[in-house]
Amino acid sequence: GMLWLAIFLEILVVWLAILLVEAGVNDQIEGGWDALYDSFYWSLGSAFDPGGPGKAPVTVGGRIIMVGHWFFLTIVASTYVGAIGAFLTTSSSQEKIEGFFSLQTGSFGVAVPGPS
């Protein structure tokens with residue numbers, strides 16, 4: 001929930017920042033209303049495939065924005081993969097009852113309610 005919201009908000013911030021910084025200078029971004037589409041495609045496309053949209057920033061501000069964008073997404077992907085790896089490698093600390101004979105091992109405690 002919150003992770004996807006953070007990624008979506010970051011893509012929107014990058015979209016608006018690229019629109020403001022690169023739209024008037026970069027020849028790869030169309031003019032007029034098409035600049036909205038081009039800058040959004042650039043921010044979304046670079047989020048899922050860095051270098052995929054085939055556009056490169058020409059201003060220093062645009063380069064800083066894109067490096068920050070890619071750094072953020074690298075941190076998110078690394079954290080996500082690490083969490084999945086940790087989840088898949090840990091085993092359950094509680095033993096499971098699989099039948100009558102598993103109770104004979106003595107691994108399970110018994111709770112008896114006392115007088116109230």
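For the structure given in this document, a descriptive report is provided here. (Residues numbered from 1 in each chain as written. Predicted model: local features only at pLDDT ≥ 70, side-chain atom pairs only at ≥ 80, totals over all residues. Heavy atoms only, no water.)

## Quick word on the overall build of the protein chain
Check the secondary structure of the protein chain and you find 4 helices and 0 strands. From first element to last, N terminus to C terminus, the protein chain shows the α and β order α-α-α-α. Across the 116 residues that make up the protein chain, the buried fraction comes to 24%. Only carbon and sulfur atoms are counted for the fraction: they give 68% of the accessible area of the protein chain, which is about 8600 Å². (Helix = DSSP H or I, 4+ residues; strand = E, 2+ residues; numbered from the N terminus. Buried < 20%, exposed > 50% of the residue type's maximum accessible area, 1.4 Å probe, protein only. Areas by Shrake-Rupley, 256 points an atom, 1.4 Å probe, with all protein chains shown as cover.)

## Side note on the packing of helix α1 (residues 2-22) against helix α3 (residues 60-89)
One way to put it is that α1 packs onto α3 with a least axis distance of 9 Å and a crossing angle of 170°. It follows from the interaxial angle that α1 and α3 lie roughly antiparallel. Contact residues: α1 offers Leu3, Ala6, Ile7, Glu10, Ile11, Val14, Ala17, Ile18, Val21 and Glu22, while α3 offers Gly61, Gly62, Ile65, Met66, His69, Phe72, Leu73, Val76 and Tyr80. Of the residues belonging to the contact of α1 with α3, the class tally is 14 nonpolar, 3 polar and 2 charged. (Axes fitted to C-alpha atoms, helices over the stretch in contact; angles between N-to-C directions. Parallel < 35°, antiparallel > 145°, perpendicular 65-115°, else oblique. Contact = heavy atoms within 4.5 Å. Nonpolar A, V, L, I, M, F, W, Y, C, P; charged D, E, K, R; others polar.)

## A few points about the packing of aromatic side chains
Within the structure shown, the criterion is met by 2 aromatic pairs. When the ring of Trp15 is compared with that of Phe40, the centres are 5.0 Å apart and the planes differ by 70°; the resulting orientation is edge-to-face. Placement of the pair is Trp15 in helix α1 and Phe40 in helix α2 (residues 34-48), with a sequence separation of 25 residues. Judged by its relative accessible area of 22%, Trp15 falls in the partly exposed class. Looking at Phe40, the relative accessible area reads 29%, which means it is partly exposed. Relative to Tyr41, the ring of Tyr37 has its centre 6.2 Å away and its plane inclined at 15°; by these criteria the two rings are stacked. Of this pair, Tyr37 and Tyr41 both sit in helix α2, 4 residues apart, roughly one helical turn. Here Tyr37 falls in the exposed class, since its relative accessible area comes to 54%. (Phe/Tyr/Trp six-rings, centres within 6.5 Å; stacked < 30°, edge-to-face > 60°.)

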